[in-house]
Amino acid sequence: MPTTAAPPVGIVGLGQLGGSLAAALVAAGREVRGWDVDPAAREAAAARGVAVTRGLAGVVVLAVPLPAMATALDGVDVDPAATVTDLGSVKGPVLASVGAALGSRFVGGHPMCGTERSGHEATDPGLFRGARWALCLEPGTELPRWLRAAEVALAAGAEVVPVTAAEHDDAVAAVSHVPHLLAAALAAAAGEAGPLALALAAGSFRDGTRVIGSDPAFVTAMVEGNAGPTAAALDRVRAQLARPWPELVAAGHAVRTAVPGRRTVRVPLDRAALLALGRAGGAVTRRLAAFVEGWVPGP
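Residues numbered from 1 in each chain as written. Predicted model: local features only at pLDDT ≥ 70, side-chain atom pairs only at ≥ 80, totals over all residues. Heavy atoms only, no water.

**Description of helix 1 (residues 16-27)**
Item 1. Across its 12 residues, helix 1 extends 16 Å between first and last C-alpha, which sits within 8% of the 16 Å expected from 1.5 Å per residue.
Item 2. Where burial is concerned, most of helix 1 is hidden: 9 out of the 12 residues are buried.
Item 3. Regarding helix 1, the residues found buried are Gln16, Gly18, Gly19, Ser20, Leu21, Ala22, Ala23, Ala24 and Leu25.
Item 4. Turning to helix 1, the residues buried within the fold contact strand 1 (9-12), strand 2 (32-35), strand 5 (59-62), strand 10 (132-136) and helix 4 (143-155).
Item 5. Among the residues trailing helix 1, Gly29 stands out with phi positive, at a value near 90°. (Helix = DSSP H or I, 4+ residues; strand = E, 2+ residues; numbered from the N terminus. Expected span 1.5 Å × (residues − 1). Buried < 20%, exposed > 50% of the residue type's maximum accessible area, 1.4 Å probe, protein only. Contact = heavy atoms within 4.5 Å.)

**What to know about helix 3 (residues 92-102)**
Item 1. Along helix 3, the residues classified as buried are Val94, Val98, Gly99 and Leu102. The buried residues of helix 3 occupy one face: seen down the axis, they fall within an arc of 95°. Opposite the packed face of helix 3, turned more than 90 degrees from it, sit the exposed residues Ala96, Ala100 and Ala101.
Item 2. The secondary structure elements touched by the buried residues of helix 3 are strand 5, strand 7 (83-86) and strand 8 (106-107).
Item 3. Two residues or fewer after helix 3 comes Gly103, characterised by a positive phi angle close to 65°. (Arc of directions from axis to C-beta.)

**A look at the nonpolar core**
Item 1. One finds Ile11, Leu21, Trp133, Leu135, Trp146, Val160 and Leu274 to be the most contacted residues of the largest nonpolar core, which totals 41 residues.
Item 2. For this core, the element with the highest residue contribution is helix 4, accounting for 8 residues.
Item 3. When near neighbours in sequence (up to four residues on either side) are disregarded, Val160 contacts Trp133, Leu135, Trp146, Ala150, Ala153, Leu154, Ala283 and Val284.
Item 4. Counting 16 residues, the second largest nonpolar core, distinct from the first, contains Val60, Met69, Val76 and Leu102. (Core = buried A, V, L, I, M, F, W, Y, C linked by side-chain atoms within 4.5 Å.)

Written as structure tokens, this is what we have:
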């Protein structure tokens, strides 16, 4: 699949994620257009070099909250040939709504980055640098469209992880959605311990509760949108807490401090090969004409 000139990128939603992506792509030399219902977000994006318009083409990115995903394109003029992707933290429900409406034009995506802040004031052009960006490769996904979405993620500085929607939702339940619930539980339990405990809280409490500073509506939509995998992952955490504490501490320490090496690989432009890369814990770092370059854990 030969490479061709990079198409424009249209972004619907110019808050933290959408605004940061727009800023990163402008810095990378991509043509970026965007729209947001908030005039302040539109004004801030325009100041960063984004062409503010309802007319979007090329690769269109939905950077809106999960509850708004199904109606994100209402009132926006999207080129019928455009590839549409999203930044939602849960992929199954988005595939069932947006994917069902757009068919093979849709490629689900989720960059594993962000902070507890929100809105266009939280824009950071370096937000995606070095981050993993899950990009769904379903049986009906058109590979050229998947590659176009991957090029957007790579241009923003991310590394692309090929996954299916179901694999993504199972994985992020363990490493993102349950941590939000644990942060909520830790903060609530400390609150019950009283003002002295909160006054003595330091680094471990701050780090363990940081993510629950996010908008509660965002967190609720995320965990409820992925309820099944999140419940299963939470059961695994409960089972770990039932272990003898020395065993638990040692096991957790071993996982957290392991530093696997990286082995560079080249992967053909083939769905099975790309998914094998993602399942091995690897990622794509560069698009070439007939294959992609990336890495997998190794010596």
